[in-house]
Amino acid sequence: MNTLIIGAGIAGLSCATSLQSLGHNVLVVEKSRGVAGRMSTRRGDDWQCDHGAQYFTARDPVFAAEVGRWMQAGVAALWSPRISVFGDADAHHAEAGLLRYVGCPGMTAPARFLAENLSVQTRTTVSALKPAERGAGWQAMTLEQGLLETVFDNVLLAVPAPQAVPLLSAHHPLLADIAAHTTMRGSWAMMLQFNEPLAVSFDAGFVNTDPLRWVCRNSSKPGRTGTDTWLLHAAALWSEAHIEDDANDVAEQLLKAFVDIGGAVPTSWTIHRWRYADMLAPLATGSLWDPSTRIGLCGDWLHGGKVEGAWLSGKDLADRVSNEQHECAL
Ligand SMILES: Cc1cc2nc3c(=O)[nH]c(=O)nc-3n(C[C@H](O)[C@H](O)[C@H](O)COP(=O)(O)OP(=O)(O)OC[C@H]3O[C@@H](n4cnc5c(N)ncnc54)[C@H](O)[C@@H]3O)c2cc1C
């Protein structure tokens, strides 16, 4: 079986790892320069900062075993920050006893670890799928390399729901419709660098007052080096309302809110606009697989959101493809 997986986030890489272990020839294509998707780390002169996923949990025993494998390989570690809550303490608080894991030395590390044993082609944006001219199967049109020659038996989309829609609409209107009905929300992320470590009594904070939702001393995570760096995430609804605003205006408001909770003005900063950060209502189907067209979908939006859900969704799709026993879950 030749299988094409579109998207090298943790869902696509999890799916690829499982299918390859079951004997599939798998090619993963990714539009960015590197793997990991939203488990991302921004790097600058003498600083680094996880500006997407902040940490992950492992409630499912199968995922917990995978995290154990990552820890053994040195690409993940436990993170035990001192967490404060600002604003309404009942709104979003730190769950007692929760184990929080991070990629090591950056959030991209687990994805890079998985990609080492896979065939991954980065800087390859799939712009359209095409039924193979002779016989069954699929080919992929890409922005960078034109039509990929290989004919794939299976095409699996491991991309955020809105990015799956244009690839599916001509070939599978029903799956396209499901993806189109999943609304994803944007998020602003600001990274701050300080010459001197900030003198505060917390490493991270849930902020229950707009515009902030989460602040974190990235340097408090294990394995990080360089300048003291903080990450600010804006609240989901606030981000949605301000997603088209000028980045400097957004930065000014986030910074003011950070100073108000005890932070300080940084030596330098940079800001990132996530178009597709999370879902208001993620689905709980695990994954979607249509054995008649041999098109599948996985990703956090199909499995409760978050890193754990994304990894489990990729594995779920691999199981469906290899078992061939599930109908398209509609
Ligand atoms: C700001 C922010 C904070 C978060 N905080 C947390 C957190 O604290 N804890 C947690 O567990 N989760 C968190 N998450 C969510 C977590 O990052 C995601 O749930 C998870 O990483 C999703 O993985 P995925 O593989 O499903 O999708 P992605 O990581 O989005 O991967 C999809 C990949 O597909 C690629 N792609 C898209 N279209 C194409 C195409 N046409 N051709 C080729 N490639 C394509 C993309 O470039 C991307 O690399 C956060 C996310 C954000 C943005």
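Residues numbered from 1 in each chain as written. Predicted model: local features only at pLDDT ≥ 70, side-chain atom pairs only at ≥ 80, totals over all residues. Heavy atoms only, no water.

(A) Quick peek at the side chain of S313. If you trace the backbone, S313 turns up in helix 8 (residues 306-323). In this structure the side chain of S313 is engaged in a polar contact, spanning 2.9 Å, whose partner is the backbone nitrogen of G299. (Helix = DSSP H or I, 4+ residues; strand = E, 2+ residues; numbered from the N terminus. Polar contact = N/O pair within 3.5 Å; in protein donor to acceptor, adjacent residues only side chain to side chain.)

(B) Geometry of the environment of Q54. The residue Q54 is located in the loop between strand 4 (47-50) and helix 2 (61-72) in this model. With 252 residues separating them along the chain, Q54 and K306 place their C-alpha atoms 10 Å apart. Among all residues touching Q54, those that are not within four sequence positions of it are W79, V102, M107, W214, C216, K221, L231 and H233. Looking at Q54, its side chain comes within polar contact range of the main-chain oxygen of G52, at 2.9 Å. (Contact = heavy atoms within 4.5 Å.)

(C) Broad picture of the pattern of salt bridges. Counted according to the given criterion, the structure contains 13 salt bridges. Residue R59 pairs with E95 through a salt bridge whose shortest N-O separation is 3.2 Å. Here E95 lies in the loop between strand 6 (83-86) and strand 7 (100-103) and R59 lies in the loop between strand 4 and helix 2, a separation of 36 residues in the sequence. Several salt bridges converge on common partners, so that one network encompasses D50, K221 and R224. (Salt bridge = Lys/Arg side-chain N within 4 Å of Asp/Glu carboxyl O.)

(D) Broad picture of the site of the ligand. Lining the immediate environment of the ligand, one finds 33 residues, of which E30, R38, Y55, D300 and V307 sit closest. Within the backbone of I10, one N or O atom sits 3.2 Å away from an oxygen atom of the ligand. Here an oxygen atom of the ligand sits 2.7 Å away from a polar atom, N or O, in the side chain of R38. Contact with the protein chains removes 93% of the 1,000 Å² of surface that the ligand exposes when unbound. Elements with a contribution of two residues or more to the shell around the ligand: helix 1 (10-21), strand 17 (268-279) and helix 8. Top contributing element to the shell around the ligand by residue count: helix 8, with three residues. Classifying every residue of the shell around the ligand gives 16 nonpolar, 12 polar and five charged. (Near = heavy atom within 4 Å. Areas by Shrake-Rupley, 256 points an atom, 1.4 Å probe, with all protein chains shown as cover. Nonpolar A, V, L, I, M, F, W, Y, C, P; charged D, E, K, R; others polar.)

(E) Highlighting the sheet that holds strand 1 (residues 2-6). Overall, mixed pairing links the six strands, which are arranged 8-2-1-12-19-18 in an open sheet. With partners counted over all chains shown, the strands left at the sheet margins are strand 8 (119-121) and strand 18 (288-290), one partner each. On average, each strand axis in the sheet is inclined to that of its neighbour by 20 degrees, with strand direction left out of account. Across four bridges, strand 1 lies against strand 12 (residues 154-157) in parallel orientation. Along strand 12, the bridge assignment pairs T3 with N154. Against the sheet, helix 8 engages strand 12, strand 18 and strand 19 (295-297), with an angle of about 20 degrees to strand 18. (Pairing = 2+ DSSP bridges. Axes fitted to C-alpha atoms, helices over the stretch in contact; angles between N-to-C directions.)

(F) Here's a closer look at a nonpolar patch on the surface. A surface patch of nonpolar side chains, about 250 Å² in accessible area, is lined by M71, L78 and L99. Turning to its location among the elements, M71 is positioned in helix 2. What makes M71 partly exposed here is its relative accessible area of 34%. (Patch = residues over 30% accessible without salt bridge, like charges linked within 9 Å, V, L, I, M, F, W, Y side chains within 5 Å. Buried < 20%, exposed > 50% of the residue type's maximum accessible area, 1.4 Å probe, protein only.)

(G) Representation of the nonpolar core in the model. Residues I10, F56 and W70 are the most contacted members of the largest nonpolar core, which totals 50 residues. Counting 27 residues, the second largest nonpolar core, distinct from the first, contains I6, V29, F152 and M184. (Core = buried A, V, L, I, M, F, W, Y, C linked by side-chain atoms within 4.5 Å.)

(H) Region of interest: the sheet that holds strand 6. In space, the six strands of this open sheet follow the order 6-14-15-16-13-17, with mixed pairing throughout. Edge positions in the open sheet fall to strand 6 and strand 17, since each of these has one partner strand only. Between one strand axis and the next, the sheet turns by 15 degrees as a mean value, whatever way the strands run. Both strand 6 and strand 14 (residues 204-207) contribute to a ladder of four bridges, which runs parallel. By the bridge assignment for strand 14, S84 is matched with G205.

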